[in-house]
Amino acid sequence: MLLPRAETSDQVAFQDVYGSCWIRRKECLCPSLGRQTGLHSPYWITTGFPCFVPSRRQPEKRPELRKLAPPITFAKSLALILKILSVIYKMVQNNTYATKRDIYYSDTLLFGSQSVVDNIVNDISCMLKIPRRSLHILSTTKGCIAGNLSYTEEDGTKVNCTCSATAVVPSNVQGIRNVITDAKFILIVEKDATFQRLLDDDFCNKLSPCIMITGKGVPDLNTRLLVRKLWDTCHIPIFTLMDADPHGIEIMCIYKYGSVSMSFEAHHLTVPAIRWLGLLPSDIERLNIRKDALIPLTKQDQNKLASMQKRPYVACQPMWKKEMEIMAASKMKAEIQALTSLSSDYLSRVYLPSKLQFGGWI
């Protein structure tokens, strides 16, 4: 099919990127079209479609046709969008909720794959300029929370997050109410193994009342929403405990600055006040951690670290930049578990208490 001709020169610029067509304009309506589209026409509200693009080099002659080959036809894309919109409409009318996984399994033959549903849901959320939860679509939760905290979920369930009764991050974070806590700070832990070790050591109660949260690696949407809600509600410091490697720094940046895929919801998901408590690259030399407990940076690690050092927000964090430079110079990284080379309970007995007491964060 032929695409409608652009009326103005700034309206559209075609470019073939990774086998798909994306359209550049000042506005952003459909992020799945290269995350940069914006024509006010239903032809563009799609995750991709086969088309012929008229050449702009010879407008007076018959246009030269160039065929693109995205994975989904225009007609099917439109059908998928309308299908998901109808599901959203019914859920809003009935005040019910579903996950993206639920929507996919409602008609697996139609959708084909989970990623198709994910992209369309993100498109709809971005076009309507409302968060995904306002569409009554929830994310699957993987995060856990423990410590001095109790709250009531939307359905009336009362949750008490003690160290002996770890709770799963609720699927509808916006629905929780009656948040009660005496915590003095919140600690975000990168890995579930470290989280469980701190629970075993009763860290939540030994030093001072606190709340611990883990996203078990890269955090899911609900974990990020909960961190933001607790920050807005409790007004207490938030610290991160990550591996001293580029991946750990990246995860910390997701909590603090957001991610590219969810950039249109960043103001609901990020916590600018987050502080980096550990494990700092400078701690490796300061604590004289054994060399055999360290891991050399791979080429991929070095490239990722170099890329992060160029990000604008790193320039505003001179202490972060210094720590990254230390890592780049040493060409070594360390996991939190490297502290066990000093003693089995060094993390909960010495490292974290001294850091929190003497302000060892950046």
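Colleague: Now, about the overall build of the protein: what can you tell me, with residues and values included?
Modeller: Helices and strands together make up the secondary structure of the protein, namely 14 helices and 17 strands. Per-residue burial over the protein gives 48% buried out of 362 residues. Once local pairs closer than 6 in sequence are excluded, the contacts in the protein between residues at least 24 apart make up 69%. Here the protein displays about 18200 Å² of accessible surface, and carbon together with sulfur accounts for 53% of that area.

Colleague: Could you give an account of the nonpolar core, naming the residues involved and the relevant values?
Modeller: In this structure, Ile145, Ile211, Leu230 and Ile249 are the most contacted members of the largest nonpolar core, which totals 42 residues. For this core, the secondary-structure elements that each account for two or more residues are β8 (149–152), β9 (158–161), β12 (185–189), β13 (210–214), α7 (221–234), α8 (246–257), α11 (299–309) and α13 (318–330). Broken down by element, this core gets its largest block of residues, six residues, from α7. Setting aside chain neighbours within four positions, we find isoleucine 145 in contact with Cys161, Thr166, Ala167, Phe195, Ile211, Met212, Ile213, Leu226 and Leu230.

Colleague: Explain the pairing of β12 to me, and be specific about the residues and the numbers.
Modeller: In the case of a regular strand, side chains alternate between the two sheet surfaces. For β12, the tally of buried residues reaches five of five residues, placing the bulk of the element in the interior. The side-chain alternation of β12 yields two buried faces, one formed by Phe185, Leu187 and Val189 and the other by Ile186 and Ile188. Two strands pair when backbone bridges link them, and β12 and β13 are joined in this way by five bridges, in the parallel orientation. Within the sheet, the bridge partner assigned to leucine 187 lies in β13 and is methionine 212. Direction of pairing for β12 relative to strand β14 (residues 238–241): parallel, over a ladder of four bridges. If you follow valine 189 over to β14, its bridge partner there is leucine 241.

Colleague: Requested: an account of the sheet that holds β9, with residues and values cited.
Modeller: Taken together, the three strands give an open sheet; going across it, the order is β9-β8-β11, and neighbouring strands pair in antiparallel fashion. Two strands bound the open sheet, and with one partner strand each, they are β9 and β11 (177–180). On average, adjacent strands in this sheet sit at an angle of 10° to one another, irrespective of strand direction.

Colleague: Can you break down a nonpolar patch on the surface residue by residue, with the values?
Modeller: Residues Leu78, Leu82 and Leu85 make up a contiguous nonpolar surface patch of about 230 Å² in total accessible area. Position of leucine 82 among the secondary structure elements: in helix α1 (residues 74–94).

Colleague: Explain the side chain of glutamate 250 residue by residue, including any values.
Modeller: Tracing the backbone shows glutamate 250 in helix α8. By relative accessible area, which is 16% here, glutamate 250 ends up buried. Once residues within four sequence positions are removed from consideration, glutamate 250 is found in contact with Lys304, Met308 and Arg311.

Colleague: Mind laying out the packing of aromatic side chains, listing which residues take part and the relevant values?
Modeller: The full count for this structure, using the stated rule, is six aromatic pairs. Between phenylalanine 239 and tryptophan 361, the aromatic rings sit 4.8 Å apart at their centres with planes inclined by 50°, giving tilted as the arrangement. Residue phenylalanine 239 is located in strand β14, and its partner tryptophan 361 is located in the segment after α14 (346–358); the two are separated by 122 residues in the primary sequence. Overall, tryptophan 361 belongs to the partly exposed group, its relative accessible area being 32%. Note on tyrosine 257 and tyrosine 313: the rings are 4.0 Å apart at their centroids and 15° apart in plane angle, and the pair reads as stacked.

Colleague: Explain the environment of valine 168 to me, and be specific about the residues and the numbers.
Modeller: Relative to the elements of secondary structure, valine 168 occurs in strand β10 (residues 167–168). Overall, valine 168 belongs to the exposed group, its relative accessible area being 52%. For the pair formed by valine 168 and cysteine 144, sequence separation is 24 residues and the distance between their alpha carbons is 4.5 Å. Apart from the residues lying within four places of it in its own chain, the contact partners of valine 168 are Thr141, Gly143, Cys144 and Tyr151.

Colleague: Explain helix α4 (residues 114–128) residue by residue, including any values.
Modeller: Between its first and last C-alpha, α4 extends 22 Å over 15 residues, near the 21 Å set by a 1.5 Å rise per residue. Residues of α4 that are buried include every one of Gln114, Val116, Val117, Ile120, Val121, Asn122, Asp123, Ile124, Ser125 and Cys126, and no others. Buried residues along α4 sit against α1, α2 (100–106), α3 (108–111) and β6 (137–138).

Colleague: Break down the pattern of salt bridges for me, with residues and values.
Modeller: Counted according to the given criterion, the structure contains twelve salt bridges. Between lysine 100 and aspartate 118 there is a salt bridge whose closest N-O contact spans 3.6 Å. Note that lysine 100 is positioned in helix α2 and aspartate 118 in helix α4, a separation of 18 residues in sequence. Linking aspartate 292 and arginine 290 is a salt bridge whose minimum nitrogen-to-oxygen distance equals 3.0 Å. Classification of aspartate 292 as exposed rests on a relative accessible area of 59%. Overlapping salt bridges bring together Lys191, Asp243 and Glu335 as one network.

How each quantity is defined
Residues numbered from 1 in each chain as written. Predicted model: local features only at pLDDT ≥ 70, side-chain atom pairs only at ≥ 80, totals over all residues. Heavy atoms only, no water. Helix = DSSP H or I, 4+ residues; strand = E, 2+ residues; numbered from the N terminus. Buried < 20%, exposed > 50% of the residue type's maximum accessible area, 1.4 Å probe, protein only. Contact = heavy atoms within 4.5 Å. Areas by Shrake-Rupley, 256 points an atom, 1.4 Å probe, with all protein chains shown as cover. Core = buried A, V, L, I, M, F, W, Y, C linked by side-chain atoms within 4.5 Å. Pairing = 2+ DSSP bridges. Axes fitted to C-alpha atoms, helices over the stretch in contact; angles between N-to-C directions. Patch = residues over 30% accessible without salt bridge, like charges linked within 9 Å, V, L, I, M, F, W, Y side chains within 5 Å. Salt bridge = Lys/Arg side-chain N within 4 Å of Asp/Glu carboxyl O. Phe/Tyr/Trp six-rings, centres within 6.5 Å; stacked < 30°, edge-to-face > 60°. Expected span 1.5 Å × (residues − 1).

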